[in-house]
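# Structural overview for review
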There are 2 protein chains.
Amino acid sequence: MKIAVDAMGGDNAPQAIIEGVEKARDQFTDLEFQLYGDPAKVKPLIKNEERLTMVATSQEISMGEEPVRAIRKKKDSSIVRAAKAVKDGEADAFFSAGNTGAVLAAGIFVVGRIKGIDRPGLTSILPITKPGAEQKSFVYLDSGANAESKERNLVQYGYLGKFYAENVLGVKNPRIALLNNGAEEDKGDKLHKAVWQELNKQADLNFVGNIESGDLLFGKADVVVSDGWTANAALKATEGTAKMMLTLIRHGILNGGLRAKLGYLLLKPVFHQIGKRMNTSTYGGAVLLGLKAPVVKTHGASDAAAVANTISQIRTMLKSGVVEQTVEFFSQDSSVDKADKNE
Amino acid sequence: MKIAVDAMGGDNAPQAIIEGVEKARDQFTDLEFQLYGDPAKVKPLIKNEERLTMVATSQEISMGEEPVRAIRKKKDSSIVRAAKAVKDGEADAFFSAGNTGAVLAAGIFVVGRIKGIDRPGLTSILPITKPGAEQKSFVYLDSGANAESKERNLVQYGYLGKFYAENVLGVKNPRIALLNNGAEEDKGDKLHKAVWQELNKQADLNFVGNIESGDLLFGKADVVVSDGWTANAALKATEGTAKMMLTLIRHGILNGGLRAKLGYLLLKPVFHQIGKRMNTSTYGGAVLLGLKAPVVKTHGASDAAAVANTISQIRTMLKSGVVEQTVEFFSQDSSVDKADKNE
């Protein structure tokens, strides 16, 4: 299995990317890597060239660039070249820690959508932090690729999420929920009421109804389907609040004198455990589901361990055949199409 | 100043309501209260009848009832009667801990909107938890009264929030921000892009641009304007995550043996401080801004202290003349109307 790696993207690139790739390469003997980037910067960092191929590119897309224009203009950027390798069958999957918009655009316009999928969904794997929960993570899409969504898109996300949860997370008959502003069937605006009805009709989906954003981490569903706009608001609020709580605790300890510092030392293992549980990078990167191959974007601030985790996730996607299964499902004249006719 | 109190609404009613009212009555000698409810249940709980008038009502609206139908059918409910007293000038403000939808409906249909306001906004007062922040709370509206909003509504929320922050929180020239999916001017869907432009044009508003949901508690704005849908998603995610973090800490301590328990004892003051800071009930209830009188809904689970806090908030609203100021502003041929013509 060959993974095309954008070696230049991310706050700690190329250092953290190369380290993470080498870590994953040493762990998984069935993986080969193509490193797209500036050889002058990348090559000196490589410790061992085994199963690593350097592919020289002359351009970089920075974090702030307008994505669609960037991928159109910078044909020799590491992002576009790596995506192109997947399109041309030279690689099986595309990995980047770079400009999210550019990775999404390269995924959609270069790698290409699966036939029948209107809009791919950016899929985050998030922790279930409820103590004692059986599953440790859940699938959340669209977590922000599309600011405006249609009924049909959200029904398709139900299937994309289901296939991912089954194949990659190993969840049997995953519970699919709809992110909404209340638990009851009649909650939500026009779009969400219609999506509820449509998801409820899908015989192939184990639809469990609405979920509210306050319950996301409580393990009530394996797949949470949402329009990108709402999901983005809920996800950022979740991350921001977790960060704020940790800030408050840190501040309280620093200003609480010797007593607080001693208390912290004693509670350190507990805090460490919580930090580990809340650290989304251990669950892998964000996958743009609905494309002809795995396109996975890890956080810009990822370190080598996060990069290696994400590559392990890509490997599971490739081995499980989740993309092939999705292609096959959407190639059939499926009931998902009916949602379209109702619009 | 006379406050019409729904004595029957809330999980701990009428006990917590009466206790809270008596607490506020003892604290503020300029307040009088009308208690709407079942005298058989309410009267035995009253310790001292000073400045308390019992008004017998025969119906109750429960938490699960469909709001608009409930207020239409149950004319002799404590909610409708208390709202009616405000409409008829017998009371100056309406307080309830009951069915949120019914309180909103009674506010809109019985108390009535200020002329020029299309949709009142449910306004939460939320904590700024950033250590060292000058302000301790901010104004957040519409936090869920309307699932679908228009440009004009959001611009009006900017003014409603400004008047509240100035008069009730005592913030000079409050910073107004728009909740959006990114910080830059061009972020968001069509609605949010248009609202950004319109807010930016208002010479009377200190508009500071977009805010993302992850930054809500960080004190970057004094008033956060949002459509009700997005605000609801962000608010519930914020509350849910804070709750989950506390659950994780509690679980870690309970399962961490003697060491963790000792650590907890030492850190107890720090946790206590954080809990106090995050406890939204200390900042008062949710106000339906844009009505002809203060209509304030406190959390269903409120205890006597939360009830008393909310009454103190209502008193500040009455004394500051925030409603009168809002009425005067919207009675003028203001620039807010221009937003309407652009739609």
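Residues numbered from 1 in each chain as written. Chains lettered and ligands numbered in written order. Predicted model: local features only at pLDDT ≥ 70, side-chain atom pairs only at ≥ 80, totals over all residues. Heavy atoms only, no water.

## Let's talk about unusual backbone geometry
Residue and element names in this part refer to chain A. Each neighbour pair has its own omega, and for leucine 141 with aspartate 142 the value is -5°, a cis peptide bond. Residue position: aspartate 142 is located in the loop between strand S6 (137-141) and helix H6 (151-167). At asparagine 173, a residue that is not glycine, the phi angle is positive and equals roughly 45°. By relative accessible area, asparagine 173 is classed as partly exposed at 48%. (Helix = DSSP H or I, 4+ residues; strand = E, 2+ residues; numbered from the N terminus. Buried < 20%, exposed > 50% of the residue type's maximum accessible area, 1.4 Å probe, protein only.)

## Focus on the interface of chain B and chain A
A common measure of how large an interface is: the accessible area buried when the components associate. Across the boundary between the two partners, chain B contributes 51 residues, which contact 52 residues of chain A. Here chain B meets chain A over a buried area of about 4400 Å², counting both sides, of which 75% is carbon and sulfur. Among the residues chain B hides against chain A, the three largest losses belong to Trp229, Met244 and Met245 of chain B. Together they make up 16% of the total. Taken together, the links from chain B to chain A amount to two salt bridges. As a salt-bridge pair, glutamate 212 of chain B and lysine 236 of chain A come within 2.4 Å of each other at their nearest N and O atoms. Summed over the shared surface of chain B and chain A, the result is 14 residue pairs in polar contact (both at pLDDT 80 or more). Of all the secondary-structure elements, those providing two or more residues to the side of chain B that touches chain A are helix H7 (190-201), helix H8 (228-254) and helix H9 (257-278) of chain B. Across the side of chain B that touches chain A, the residue classes tally to 26 nonpolar, 16 polar and nine charged. (Contact = heavy atoms within 4.5 Å. Buried area = accessible area lost by both parts, 1.4 Å probe. Salt bridge = Lys/Arg side-chain N within 4 Å of Asp/Glu carboxyl O. Polar contact = N/O pair within 3.5 Å; in protein donor to acceptor, adjacent residues only side chain to side chain. Nonpolar A, V, L, I, M, F, W, Y, C, P; charged D, E, K, R; others polar.)

## A closer look at the packing of aromatic side chains
Residue and element names in this part refer to chain A. Scanning the model with the defined rule gives 16 aromatic pairs over all chains in all. Between tyrosine 159 and phenylalanine 330, the aromatic rings sit 6.4 Å apart at their centres with planes inclined by 85°, giving edge-to-face as the arrangement. One end of the pair, tyrosine 159, is in helix H6; the other, phenylalanine 330, is in helix H11 (residues 322-331), with 171 residues separating them in the sequence. The exposure class of phenylalanine 330 is buried, given its relative accessible area of 8%. Every member of this aromatic cluster is reached through a ring pair, and the members are Tyr159, Phe163, Phe329 and Phe330. Sitting over the ring of phenylalanine 109, arginine 72 keeps its end group 5.9 Å from the ring centre. (Phe/Tyr/Trp six-rings, centres within 6.5 Å; stacked < 30°, edge-to-face > 60°. Lys NZ or Arg CZ within 6 Å of the ring centre and 35° of its normal.)

## A look at the pairing of strand S1 (residues 2-6) of chain B
Residue and element names in this part refer to chain B. Most of S1 is tucked away: four of the five residues are buried. Judged from the five bridges that link them, S1 and strand S2 (residues 32-37) form a sheet pairing that is parallel. Residue pairing across strands places lysine 2 opposite glutamate 32, the latter belonging to S2. Read from S1 through helix H1 (residues 15-27) to S2, the crossover connection turns out right-handed. (Pairing = 2+ DSSP bridges. Right-handed = clockwise from strand over helix to strand, strands pointing away.)

## What to know about the environment of glutamine 197 of chain A
Residues and elements named next belong to chain A. Structurally, glutamine 197 is set in helix H7 (residues 190-201). Given a relative accessible area of 38%, glutamine 197 falls into the partly exposed group. Separated by twelve residues in the primary sequence, glutamine 197 and glycine 209 place their C-alpha atoms 9.5 Å from one another.

## As for the relation of the copies chain B and chain A
Superposition record for chain B on chain A: RMSD 0.0 Å, screw rotation 180°, translation along axis 0.0 Å. The operation mapping one copy onto its partner corresponds to a two-fold rotation axis. Looking at the rotation axis and the C-alpha trace of chain B, the residue lying nearest is glycine 263 of chain B, at 2.0 Å. (Least-squares fit on C-alpha atoms with pLDDT ≥ 70 in both.)

## Some remarks on the domain arrangement of chain A
All names here are of chain A. Annotation of chain A at the domain level lists domain 1 (1-117 + 290-343) and domain 2 (123-284). On a C-alpha basis, the centroid separation for the pair domain 1 and domain 2 is 24 Å. Taken together, the contact between domain 1 and domain 2 spans 23 residues of the former and 22 residues of the latter. For the pairing of domain 1 and domain 2, the buried interface totals around 2000 Å² over both sides, and the portion due to carbon and sulfur atoms is 59%. Across the contact surface, domain 1 and domain 2 share zero salt bridges. One can count three residue pairs in polar contact (both at pLDDT 80 or more) joining domain 1 with domain 2. Elements with a minimum of two residues in the side of domain 1 that touches domain 2: helix H10 (304-320), H11 and helix H12 (336-342). Sort the elements by how many residues they give to the side of domain 1 that touches domain 2 and H10 lands first, with seven residues. Partitioned by chemical class, the residues of the side of domain 1 that touches domain 2 number nine nonpolar, eleven polar and three charged. (Domains from an automatic or database assignment.)

## Some points on the packing of helix H8 (residues 228-254) of chain A against H8 of chain B
Close contact between H8 of chain A and H8 of chain B brings their axes to 8 Å; oriented N to C, the two are set at 40°. For the crossing formed where H8 of chain A meets H8 of chain B, the hand is right-handed. Residues Trp229, Thr230, Ala233, Ala234, Ala237, Thr238, Thr241, Ala242, Met245, Leu246 and Ile249 of chain A of H8 of chain A lie in contact with H8 of chain B, whose contacting residues are Trp229, Thr230, Ala233, Ala234, Ala237, Thr238, Thr241, Ala242, Met245, Leu246 and Ile249 of chain B. Of the residues assigned to the contact of H8 of chain A with H8 of chain B, the class counts are 16 nonpolar, six polar and no charged. (Axes fitted to C-alpha atoms, helices over the stretch in contact; angles between N-to-C directions. Left-handed = near helix turned anticlockwise from the far one by under 90°.)

## Observations regarding the side chain of serine 226 of chain A
Looking at where serine 226 of chain A falls in the secondary structure, it is placed in the loop between strand S9 (223-225) and H8. Here the side chain of serine 226 of chain A touches alanine 231 of chain A through a polar contact of 3.3 Å, landing on its backbone nitrogen.

## Structural notes on the confidence of the model for chain A
In the predicted model, chain A carries a mean pLDDT of 93, and the fraction of residues at 70 or more is 97%. The ipTM value of the predicted complex is 0.90, and its pTM value is 0.90. (pLDDT = per-residue confidence, 0-100.)

## Remarks on helix H10 (residues 304-320) of chain B
Residue and element names in this part refer to chain B. Here H10 contains 17 residues, and its C-alpha end-to-end distance of 24 Å stays within 8% of the 24 Å for a straight helix at 1.5 Å per residue. For H10, every residue scored as buried is listed here: Ala304, Ala306, Val307, Ala308, Thr310, Ile311, Gln313, Ile314, Arg315, Met317 and Leu318. In the segment just after H10, glycine 321 is the residue with positive phi, at about 70°. (Expected span 1.5 Å × (residues − 1).)

## Concerning the environment of leucine 318 of chain B
Residues and elements named next belong to chain B. Relative to the helices and strands, leucine 318 is located in helix H10. Residues leucine 318 and serine 302 lie 16 residues apart in sequence; the distance between their C-alpha atoms is 22 Å. Setting aside residues up to four positions removed in sequence, leucine 318 forms contacts with Met1, Ile3, Asp92, Ala93 and Pro294.

## Observations concerning the sheet that holds strand S7 (residues 175-179) of chain A
All names here are of chain A. Reading across the sheet, the eleven strands line up as S3-S2-S1-S4-S11-S10-S5-S6-S9-S7-S8 and stay open at both edges, with mixed pairing between neighbours. Each of the sheet's edge strands pairs with one partner strand only, and the pair in question is strand S3 (52-56) and strand S8 (206-211). Taking the axes of each pair of neighbouring strands and ignoring which way they run, one obtains an average angle of 25° across the sheet. Note that S7 and S9 share three bridges and pair parallel. If you follow isoleucine 176 over to S9, its bridge partner there is valine 223. Strand contacts of helix H1 (residues 15-27): strand S1 (2-6), strand S2 (32-37), S3 and strand S4 (93-96), with the helix running at about 170° to S2, the strand carrying the most contacts.

## Comments concerning the pattern of salt bridges
A full pass over the atoms with the stated rule returns 30 salt bridges over all chains. Between arginine 315 of chain A and aspartate 30 of chain A there is a salt bridge, and its shortest N-O distance comes to 2.9 Å. Residue arginine 315 of chain A is found in helix H10, and its partner aspartate 30 of chain A is found in the loop between H1 and S2; the two are separated by 285 residues along the sequence. Of the charged contacts, one joins arginine 51 of chain B and glutamate 50 of chain B as a salt bridge, the two residues approaching to 3.2 Å between their closest N and O atoms. According to the relative accessible area criterion, glutamate 50 of chain B is partly exposed, its value standing at 43%. One network of salt bridges, with partners in common, ties together Glu22, Arg25 and Asp26 of chain A.

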